[in-house]
Each structure stands twice: as C-alpha cells, then as structure tokens.
Amino acid sequence: MWAMRVTARENVHPWQFGLAVSAAVTPLPPVVASGDDFFVLPLVVATTAVLAVPLFLHTRPSAFKWAAGTISAVLLPWSLIGAWFGMFVFFPSIPLLLLAAFADPRRRPTAARVLAGAGLLLAAAVTLLWWGRGY
C-alpha cells in the first residue's frame, strides 16, 4: 500500500504578522488626526502600501523575512529624507518590521517573546506619543 505523505506548509507566526500590521498602522494616527497639509497624502498612501507587502507574504516565511528586512532598510533613508513631507512618522515602522522578521517562537522561543514584547511596547508608546502631542 502506498503511504501518503502530507506536508504541512508553515505560515508566518501570528506574532510576526501582528508586528507587521502594527508597522503599517502605527504611523497612521497622526496623518489621519492631522488636518494639516504637512503630510503629502500620496506619499503616505504609497509608503503604507509598501509597508503592507509583507502582510501578503504570510504563507511564505522566508519571503516575509526578506521583504520585512528589505523594506525596513529602504524605509530608513526614506523616513529621514522625507521628513520634510511628513514621512518621519514611518520611522517607528523600521524596528517594528525588523522585530516582525525575527519574532518566530518556533525558531527562537525565548528571543521571540522578548522581540514581540518589545514591538508591542514600541507600537503602544509611539501611538500614545502621537495622541499625546495633539495630532
């Protein structure tokens, strides 16, 4: 009798996915709450769309890690140079994407807890800072 072998495809862990979601969502409160023309809306929309790319790669962990790392590397100069157009709000997304790439508890259980906790604290602190500043 032929034995069937079932191979389960491993997805990105929910902690990683949550950190990637927070990387895309955390910069948006000051943009939404601000009625100011300081933020160039097409640039914000385009940057947020690029930040969402890893979310579509949730079924491919290696592609997710590569996309998160690459986007965070590109986002660093973009958020600094684009600060004149309000792109500085994307600066916290850089560490959040890096944390998302490495917060897999199936690979590194202890380190993943620390990374996921650090990401959660960072996202919460930045969001509270945005609201506290009156944006």
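Residues numbered from 1 in each chain as written. Predicted model: local features only at pLDDT ≥ 70, side-chain atom pairs only at ≥ 80, totals over all residues. Heavy atoms only, no water.

> Just checking my understanding: could you explain helix α1 (residues 14–25) for this structure?
Since the α-helix advances by 3.6 residues per turn, residues separated by three or four positions end up pointing in the same direction. With 12 residues, α1 should cover 16 Å at 1.5 Å per step; its first-to-last C-alpha distance of 16 Å lies within 8% of that length. Packing partners of the buried residues in α1 comprise α2 (28–33), α3 (41–51), α4 (61–81), α5 (93–102) and α6 (109–132). (Helix = DSSP H or I, 4+ residues; strand = E, 2+ residues; numbered from the N terminus. Expected span 1.5 Å × (residues − 1). Contact = heavy atoms within 4.5 Å.)

> Is there a simple way to think about the pattern of salt bridges in this case?
Oppositely charged side chains may form a pair once their charged atoms are brought near each other. Taken as a whole and assessed by the stated rule, the structure comprises 2 salt bridges. In this structure, Arg107 engages Glu10 in a salt bridge whose closest nitrogen and oxygen atoms are separated by 2.4 Å. Remark: Glu10 occurs in the segment before α1 and Arg107 occurs in the loop between α5 and α6; sequence separation between them is 97 residues. For Asp104, the salt bridge goes to Arg106, with nearest N and O atoms at 2.9 Å. By relative accessible area, Asp104 is classed as buried at 6%. (Salt bridge = Lys/Arg side-chain N within 4 Å of Asp/Glu carboxyl O. Buried < 20%, exposed > 50% of the residue type's maximum accessible area, 1.4 Å probe, protein only.)

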